[in-house]
Structures are given as structure tokens and as C-alpha cells.
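A look at the structure
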Amino acid sequence: MASGHRAIPGPPPNPQDGNLADIAAAGGLHTFQLDLHERYGPVAEFHLPGTRVVSVADPELLVQTSRINRRPDELFEFLTPLFEAGNLQTLPEAEHVPWRRLLLTVLGNHRSHETQFAAFTRLTLAQAQRWAGCREVALQQDLSELSLRMICQYALGSELSSDEAARDTAAAFKGLLEEFIGRQYRLPSPYSDSERRARAEQALAQVRGTVTRILESAGGADRSDLVSMLAESDLSPARIRDSALVVMMAGYHTSGVAASWALYLLSQHPEIAARVHAELDRVLGDRPAPEYGQLGELEYLERVLKESMRRYPPGPYAARELVEDLELGEHLVPAGTTLMYPIWAIHLNPRHWPDPERFDPDRFLPGAARERPRFAFVPFGFGPRSCEGAALAMVEIKLMLAVLLKRFEFRLAPGHQVVPVERFVLWARDDIRMHLTPR
Ligand code: HEM
């Protein structure tokens, strides 16, 4: 330790497996990080096998890390077999920067959101219709399927000419990701190891085949789906297939899970739900869904969504790897260290969020937001690796919430316990079970 720098506090590691036992005892990395920062302050360290991790929950110190591009390979290694030309989530900076710039011209392009909005609305109305006859629904299962359908539509739209093709592609991708996440989190499976491998390979071939067909038919057509737009670029076909997969993976659970946590919080706060209903009735009138141009008028809904993502961030942490030493306040963190952004702990930091457990959408009134440090609220991460789908996700989630809240009132199923667990995203252990009443 260089003189003048303070050691970073943290729980003592076990020589064999670091703090894995502590992480398991806390119920996962997300809850472990909440305890870690409560006990050791805003900069704390812990150990994964063979890796020292420094976790930073102070938004002012985070600014000093905001130019770091590198992500640690190990955390994303389990997804490597999905990609042909390398995992885009851990691509070295020189390759990542131009790829990201290109992807943002598509994902961050409001015209492409607007063009796809009618299809997103159709998918959301169909979900509401499926729920119409149900007394009890599992929010996370149904809404992550809805966001999967939306992201398949966005990535592959032109190929998915029939509902059947859309269902098949979504089902293949769902099986594929469940398999990878299931292996990583050692979840039980009804299949043997060899059956699981064969099923995953078949699903991967199907998804890649779909992308390839779109690429082959894309020339000259004026299409707004991601693959057709990337076909105009100089990316190789393998990298385009990988880009489609990474976008489908990143957009699959996240948006649906975000909507489910918002509906859960609203079910616990009827007075806030009533304000949302009033805004929806005012802006939408008798129509079951907003127009694209009306999303901006749903200001209170947007505050509700932001506050929900603060309380339950769909991605509970992000990570970087230091390629050079970093001065972090009174600490020196050496090159090679893994940095964690404990998004959930940052969002519950009482210095910037008084009474942090309280659900209060007015924390996001424009004046109130200006008083906080920029990185006090980072559901989409920040810096050169921040979420490229943030703007699209906000469109999708506001649409889902607007349609579903216009049509139903949501009450938590009696006796149902909602326990957050981490499965790549912030999930609820036994889903979020709701009783629906038509409005
Ligand atoms: C509520 C919805 C979503 C949340 C909360 C979310 C959150 C995140 C977070 C926390 C990261 C890591 C950021 C970092 O390391 O600083 C990330 C990365 C990423 N997300 Fe999202 N995401 C959401 C939806 C989406 C959607 C819909 C897409 C695609 C359309 C998407 C595409 C990506 C991509 C491509 C990356 C990797 C960025 C890179 O390495 O350059 N996300 N997201």
C-alpha cells in the first residue's frame, strides 16, 4: 500500500474461495453488497475466488471511474459460447468503441422506436387481452415474455412476418438463455446434461439461422429492424449475428422485470396508483393505449418508473476492470482490480436518498433531481459501457405500464411473499403474483 493511502475495509476472505460463503449466506451478490456497504462504508472490498473486488457506492467517487471501458472477462465467461466473433460485452476498447457507436445509431434512434411502436402496442394489447380472463397472474413470467417478444420484433422484425414465426424464435431464444443462466446459477433442470447441451445448440442454430435469413434478404429494403439496419454497415455477418443476440439477451428480461417491479410497488401504494390512473385517463381518454407522441405527456408515470428502478434496479450491479492504478478518494486501487458498481446499494445510499426504502416518485421531480450527484441514480450504468438500450427500454416499459394500468387494477395475491433474488437480473423468488380487477 503506497504511503498516505488508506486500506480499503472489507470482510476477511477465506483462503480457498474468498467471500463466496458470505455471499451465499447473504442470499446473493446483490444483498451481500447492501450489507457490505452498510457495514464498511461507501468503498469496500471483498474477494471472489482468485479476484479482489472493490465495490464503490459513493456517486461522487464513481465519477472518477466513469471513463473506464474494460469489463472483467470472468463475469461474462459463461455467455461466451453464444457468440461467434467474441463476446461484445467484454470486447477490448479499440473494437468496442466503433461497434458501440454504430449500435447506438440504431438503438438510440427515436425514429426506429417510433416505427416499431405500433407493433409494440399490438403485442402489449394482446398480453392485456390474455390476462382479461385471469384472476391471478405471474407478472415476471408474463412480462418478461412480452419484453422478449418486443425485442425479437425490434431486432428481427422483418423476418417475423407471422405470429407463429415470432413465437418460435422467442421460444428458441428463451430456452437458450434459460439454459445459460440455469447453468450459471445451478438451477435445477428436468433434462440430462447432454440433452441440455443438444437443446441449447439447436436453439442457437435456430436463432442464428433467423438472423442469417434476414441478412440475406435485407439488401435495398427500407426496414427498421436492427438486423436490416446493421446490414447496411460494414460489420461482418458473424458480428451482426452476435449483435442481434447480445441485444436480444440484454433486452429480454430487463424491460419486463422493470415493469413488474413498478406494478408491485403501485399495488402497495394505492394513493400513487390512483394518481397514475388519473393521468392515464386524462391523456388517453377512452383509448386503450397511448400514441408514441403521448409518452412524453405521461410525466407522473415516468417518475413512478424511475422511482421503481431506484428501489428495484433490474440490473443490480455492473463491473469494470482497472487497466491502471486508480486514486479513489483516500484509497489507491491497483491495476488489475475488479471494480463493482453496486447499483442497488448506490440507489439506497441514505446520503442522497433520505428514508431510502420509501417509495416516492416525487424524488424525480425536475428540481429534486438537480440537487443530487449525477451518478446517484444509475439503473442503466454509466460511462463508455452504459446501457445502449436505455431510451428504447423507457419507451417499451412506459407503453406496457400505460396499457396494463389503463385496463386493470393490481392487488398482490393474498399471502404471497415477494423476495428479490438475483438471476442475472433482479428477479422475485416466487415471481410476483397479482390479482387483477378490470377498471
Ligand atoms: C429496464 C431495462 C434495462 C435496464 C435496467 C438495463 C440495464 C443495463 C445495465 C446496468 C448495463 C450495464 C451498464 C454498465 O456496465 O455500466 C446494460 C448494458 C447493456 N444493455 Fe441494458 N438495460 C435495459 C434494457 C436494455 C435493452 C432493451 C437493450 C437493447 C435494446 C439493452 C442493451 C444493452 C447493451 C447492448 C448493453 C452493453 C453495453 C456495452 O457494453 O457497450 N438494455 N444494461
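First, a word on what this report is: a plain description of the structure on this page. Bear in mind that the values here come from a model prediction, so they are computed numbers and not experimental data.

Next up on the list: the overall build of the protein. When helices and strands are counted, the protein shows 16 helices and 11 strands. Here the C-alpha coordinates of the protein stretch approximately 65 × 50 × 45 Å along the principal axes. A burial count over the protein gives 54% of its 439 residues as buried. Long-range pairs, those at least 24 residues apart, make up 74% of the contacts in the protein between residues at least 6 apart in sequence. In the structure as shown, the protein presents an accessible area of about 19,300 Å², 50% of it carried by carbon and sulfur atoms. Across the protein, 48 positive and 57 negative side-chain charges occur, with their mean positions spaced 3 Å apart.

All right, on to the coordination of the iron atom of the ligand then. You will see that the iron atom of the ligand has only one donor from the protein, Cys387 (SG), lying 2.3 Å away. Within the fold, Cys387 resides in the loop between α15 (366-370) and α16 (390-407).

A general feature of soluble globular proteins is that nonpolar side chains tend to end up buried together. Core analysis: the largest hydrophobic core is formed by 108 residues, its most contacted members being Phe173 and Phe410. The element best represented in this core is helix α11 (residues 237-268), accounting for 17 residues. Phe410 has contacts with Trp131, Leu139, Leu263, Ser267, Leu404, Leu405, Met434, His435 and Leu436, leaving out every residue within four places of it along the chain. Counting 21 residues, the second-largest nonpolar core is a separate cluster that includes Leu61, Ala345, Ile346 and Val378.

Looking now at the sheet that holds strand β3 (residues 136-138). Judged by pairing direction, the sheet is antiparallel, and its three strands sit side by side in the order β3-β11-β8 without closing on themselves. Lying at the two open borders of the sheet, with one neighbouring strand each, are β3 and β8 (408-412). The mean angle between the axes of side-by-side strands here comes to 40 degrees, regardless of whether they run parallel or antiparallel. Across three bridges, β3 lies against strand β11 (residues 433-438) in antiparallel orientation. Paired with Val137 across the two strands is Met434, which belongs to β11. Along the sheet, helix α7 (residues 139-156) contacts β3, β8 and β11; its crossing angle with β3, the most-contacted strand, is approximately 60 degrees.

Glancing now at the site of the ligand. In the neighbourhood of the ligand, 27 residues make up the surrounding shell, with Arg71, His96, Arg320, Cys387 and Glu388 lying closest. Among the elements of the structure, α5 (93-107), α11, β4 (318-321) and α16 are those that each provide at least two residues to the shell around the ligand. The element contributing the most residues to the shell around the ligand is α11, with six residues. Within the shell around the ligand, the residues separate by chemical class into 15 nonpolar, seven polar and five charged.

All told, the structure shown has 14 aromatic pairs when counted by the stated rule. By way of ring pairs, the aromatic residues Trp261, Tyr264, Tyr312 and Trp344 are connected into one cluster. Lying over the aromatic face of Tyr300, Arg275 brings its terminal NZ or CZ to 4.0 Å of the ring centre.

A few words on the packing of helix α9 (residues 193-217) against α11. Put simply, α9 and α11 touch, their axes get as near as 10 Å, and they point 120 degrees apart. Relative to α11, the element α9 is oriented oblique. Seen along the crossing, α9 lies across α11 with a hand that is right-handed. Residues Leu204, Val207, Arg208, Val211, Thr212 and Leu215 of α9 pack against Pro237, Ile240, Arg241, Ala244, Leu245 and Met248 of α11. Looking at the contact of α9 with α11, its residues break down into nine nonpolar, one polar and two charged.

Between its first and last C-alpha atoms α5 spans 20 Å; for 15 residues at 1.5 Å apiece the expected length is 21 Å, and the two agree. Regarding α5, the residues found buried are His96, Trp99, Arg100, Leu103, Val106 and Leu107. Buried residues of α5, viewed axially, fall in a sector of 115 degrees; they line one side. The exposed set on the far side of α5, more than 90 degrees from its buried face, consists of Ala94 and Arg101. On its buried side, α5 packs onto α6 (110-132), α7, α10 (226-231), α11 and α16.

Moving on: the side chain of Glu279. Examined against the element boundaries, Glu279 turns out to sit in helix α12 (residues 270-284). Look at Glu279: it is buried, it has no salt bridge, and the nearest opposite charge is Arg282 at 4.2 Å. In contact with Glu279, not counting residues within four places along its chain, are Glu297, Leu298, Glu299, Tyr300 and Leu301.

On to the pattern of salt bridges, then. This model, assessed by the stated rule, comprises 27 salt bridges. With a shortest N-O distance of 3.1 Å, Arg358 and Asp355 are connected by a salt bridge. According to the relative accessible area criterion, Asp355 is partly exposed, its value standing at 46%.

Next up on the list: the packing of α6 against α16. For the pair α6 and α16, the least separation of the axes is 9 Å and the interaxial angle reads 35 degrees. Considering how the two elements wind past one another, α6 and α16 form a crossing that is right-handed. Of the residues in α16, those in contact with His110, His113, Phe117, Phe120, Thr121, Thr124, Leu125, Ala128, Gln129, Trp131 and Ala132 of α6 are Ala391, Leu392, Val395, Glu396, Leu399, Met400, Val403, Leu404 and Arg407. Among the residues making up the contact of α6 with α16, the classes are represented as 13 nonpolar, five polar and two charged.

What follows covers the sheet that holds strand β2 (residues 51-56). In space, the four strands of this open sheet follow the order β1-β2-β7-β4, with mixed pairing throughout. Each having just a single partner strand, β1 (43-48) and β4 make up the two edges of the open sheet. With direction set aside, neighbouring strand axes in the sheet form an average angle of 30 degrees. Direction of pairing for β2 relative to strand β7 (residues 338-341): parallel, over a ladder of three bridges.

Calculation notes
Residues numbered from 1 in each chain as written. Predicted model: local features only at pLDDT ≥ 70, side-chain atom pairs only at ≥ 80, totals over all residues. Heavy atoms only, no water. Helix = DSSP H or I, 4+ residues; strand = E, 2+ residues; numbered from the N terminus. Buried < 20%, exposed > 50% of the residue type's maximum accessible area, 1.4 Å probe, protein only. Contact = heavy atoms within 4.5 Å. Areas by Shrake-Rupley, 256 points an atom, 1.4 Å probe, with all protein chains shown as cover. Lys, Arg positive; Asp, Glu negative; His and termini not counted. Charge placed at Lys NZ, Arg CZ, Asp CG, Glu CD. Donors = N, O, S within 2.8 Å, 3.2 Å for Na, K, Ca; no water. Core = buried A, V, L, I, M, F, W, Y, C linked by side-chain atoms within 4.5 Å. Pairing = 2+ DSSP bridges. Axes fitted to C-alpha atoms, helices over the stretch in contact; angles between N-to-C directions. Near = heavy atom within 4 Å. Nonpolar A, V, L, I, M, F, W, Y, C, P; charged D, E, K, R; others polar. Phe/Tyr/Trp six-rings, centres within 6.5 Å; stacked < 30°, edge-to-face > 60°. Lys NZ or Arg CZ within 6 Å of the ring centre and 35° of its normal. Parallel < 35°, antiparallel > 145°, perpendicular 65-115°, else oblique. Left-handed = near helix turned anticlockwise from the far one by under 90°. Expected span 1.5 Å × (residues − 1). Arc of directions from axis to C-beta. Salt bridge = Lys/Arg side-chain N within 4 Å of Asp/Glu carboxyl O.

In short, shape yes, function no, at least from these values alone.
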